[in-house]
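Fold and geometry: a report
Take a look at the letters that make up each chain.
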Amino acid sequence: DAGITQSPRHKVTETGTPVTLRCHQTENHRYMYWYRQDPGHGLRLIHYSYGVKDTDKGEVSDGYSVSRSKTEDFLLTLESATSSQTSVYFCAISGQWTLDSPLHFGNGTRLTVT
Amino acid sequence: AQTVTQSQPEMSVQEAETVTLSCTYDTSESDYYLFWYKQPPSRQMILVIRQEAYKQQNATENRFSVNFQKAAKSFSLKISDSQLGDAAMYFCAYRSDNAGNMLTFGGGTRLMVKP
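Read on for a plain summary of the structure.

On to the state of the cysteines. Within the structure shown, the criterion is met by two disulfides over all chains. Two residues share a disulfide in this structure: A:Cys23 and A:Cys91, whose sulfurs sit 1.9 Å from each other. Between A:Cys23 and A:Cys91, the S-S torsion sits near -70°, and that sign places the bridge as left-handed. Of this pair, A:Cys23 sits in strand E3 (residues 19-25) while A:Cys91 sits in strand E9 (residues 87-94), placing them 68 residues apart in sequence. Under the relative-accessibility criterion, A:Cys91 is labelled buried at 0%. The side chain of B:Cys23 participates in a disulfide bridge whose partner is B:Cys92; the two sulfur atoms lie 2.0 Å from each other. Linking B:Cys23 and B:Cys92, the disulfide has an S-S dihedral of approximately -70° and is accordingly described as left-handed. Of the two residues, B:Cys23 sits in the loop between strand E3 (19-21) and strand E4 (24-26) while B:Cys92 sits in strand E10 (residues 88-95), which places them 69 residues apart along the sequence. Of the two residues examined, B:Cys23 and B:Cys92, each falls in the buried class.

Right, dumping it as structure tokens:
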């Protein structure tokens, strides 16, 4: 299994508070992704990174920011959490930017915003 | 924008039987990849099988195979000799250059396996 660690595994927070989720990889892969999973929607891309300090927006980026200061770490921040951001968040990594290169996923963080 | 549709929110199968999960997608591209991912209760996302659009031969991985119909834009997953461990959510996903090389997922199908 790819070495991907997401922390925390579960988090409950209140509306309006900032939240940071962490993804740490030991594979030295260049590409990293943040997805959210909601019932009926599958997984939707929030942000992705194609190198240190190189990031771009995905399909559902509003309300989220990311940072990547080291190859191994990719942080997802909710500046002011809202109830609509209650979801399961997945980090994924990929070694190559090719169509057949599979994404390897972490085990997810379940975030509840009350 | 590309869309991926899984029309079966839930499916059930008897242990040792065969089940087929449906997936359709919308695209104007000629070159792309399609994937099936499995998500057991542990939440881990596991790649089951992948298919390149240019390959006519359907991909097979042990008990898992696909029926890829390019003209119909259909990519179904067949699970043979179903086992209790196959119970999971299954996601179909699409990837192409013109979709920014991103994975686009369907809404998922929950598969239940009856002993």
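In this section: the interface of chain A and chain B. Facing the 28 residues of chain A at the interface are 23 residues of chain B. Broken down residue by residue, the surface that chain A buries against chain B is led by A:Leu43, A:Leu99 and A:Phe105, which jointly contribute 32%. On inspection of chain A and its partner chain B, the count reaches zero salt bridges. Elements that contribute at least two residues to the side of chain A that touches chain B include exactly strand E4 (31-38), strand E5 (42-51), E9 and strand E11 (109-113) of chain A. Here the side of chain A that touches chain B takes four residues from E5(A), the largest share from any one element. A class-by-class count of the residues in the side of chain A that touches chain B yields 12 nonpolar, 12 polar and four charged.

Looking now at the sheet that holds strand E8 (residues 73-78) of chain A. All names here are of chain A. The four strands are arranged E1-E3-E8-E7 in an open sheet whose pairing can be described as antiparallel. Edge positions in the open sheet fall to strand E1 (4-7) and strand E7 (64-70), since each of these has one partner strand only. Going across the sheet, the axis of each strand differs from the next one's by a mean of 20°, ignoring polarity. Summarising the sheet, E7 and E8 pair through five bridges and their orientation is antiparallel. Opposite Lys70, over in E8, you have Asp73 as the bridge partner.

Here we come to the packing of aromatic side chains. Residues and elements named next belong to chain B. By the definition in use, this model includes 21 aromatic pairs over all chains. Consider the rings of Tyr25 and Tyr32, whose centres lie 5.3 Å apart with planes at 65°: the pair is edge-to-face. Of the two residues, Tyr25 and Tyr32, neither departs from the other in class, the shared state being buried. Between Trp36 and Phe75, the aromatic rings sit 6.2 Å apart at their centres with planes inclined by 25°, giving stacked as the arrangement. Of the two residues, Trp36 is situated in strand E5 (residues 33-39) and Phe75 in strand E9 (residues 74-79); the sequence distance between them amounts to 39 residues. What makes Trp36 buried here is its relative accessible area of 0%. The ring of Tyr54 carries the charged tip of Lys70 above its face, separated from the ring centre by 4.7 Å.

Further remarks concern the pairing of E10(B). A regular strand places its side chains so that they alternate between the two faces of the sheet. Residue and element names in this part refer to chain B. By the criterion of burial, E10 is predominantly enclosed, with eight of the eight residues buried. With burial as the criterion, each face of E10 is covered, one bearing Ala88, Tyr90, Cys92 and Tyr94 and the other bearing Met89, Phe91, Ala93 and Arg95. Note that E5 and E10 share seven bridges and pair antiparallel. Across the sheet, the residue bridging to Tyr33 is Arg95, located in E10. Alignment of E10 against strand E12 (residues 109-114), held across three bridges, turns out to be antiparallel. Bridging across to E12, Tyr90 finds its partner in Thr109. For E10 and strand E11 (residues 104-105), the ladder comprises two bridges, and the chain directions are antiparallel.

Here is what the cut-offs are and how they apply
- Residues numbered from 1 in each chain as written.
- Chains lettered and ligands numbered in written order.
- Predicted model: local features only at pLDDT ≥ 70, side-chain atom pairs only at ≥ 80, totals over all residues.
- Heavy atoms only, no water.
- Disulfide = S-S within 2.5 Å.
- Helix = DSSP H or I, 4+ residues; strand = E, 2+ residues; numbered from the N terminus.
- Buried < 20%, exposed > 50% of the residue type's maximum accessible area, 1.4 Å probe, protein only.
- Contact = heavy atoms within 4.5 Å.
- Buried area = accessible area lost by both parts, 1.4 Å probe.
- Salt bridge = Lys/Arg side-chain N within 4 Å of Asp/Glu carboxyl O.
- Nonpolar A, V, L, I, M, F, W, Y, C, P; charged D, E, K, R; others polar.
- Pairing = 2+ DSSP bridges.
- Axes fitted to C-alpha atoms, helices over the stretch in contact; angles between N-to-C directions.
- Phe/Tyr/Trp six-rings, centres within 6.5 Å; stacked < 30°, edge-to-face > 60°.
- Lys NZ or Arg CZ within 6 Å of the ring centre and 35° of its normal.

Read these as layout, nothing more, since geometry by itself doesn't imply function.
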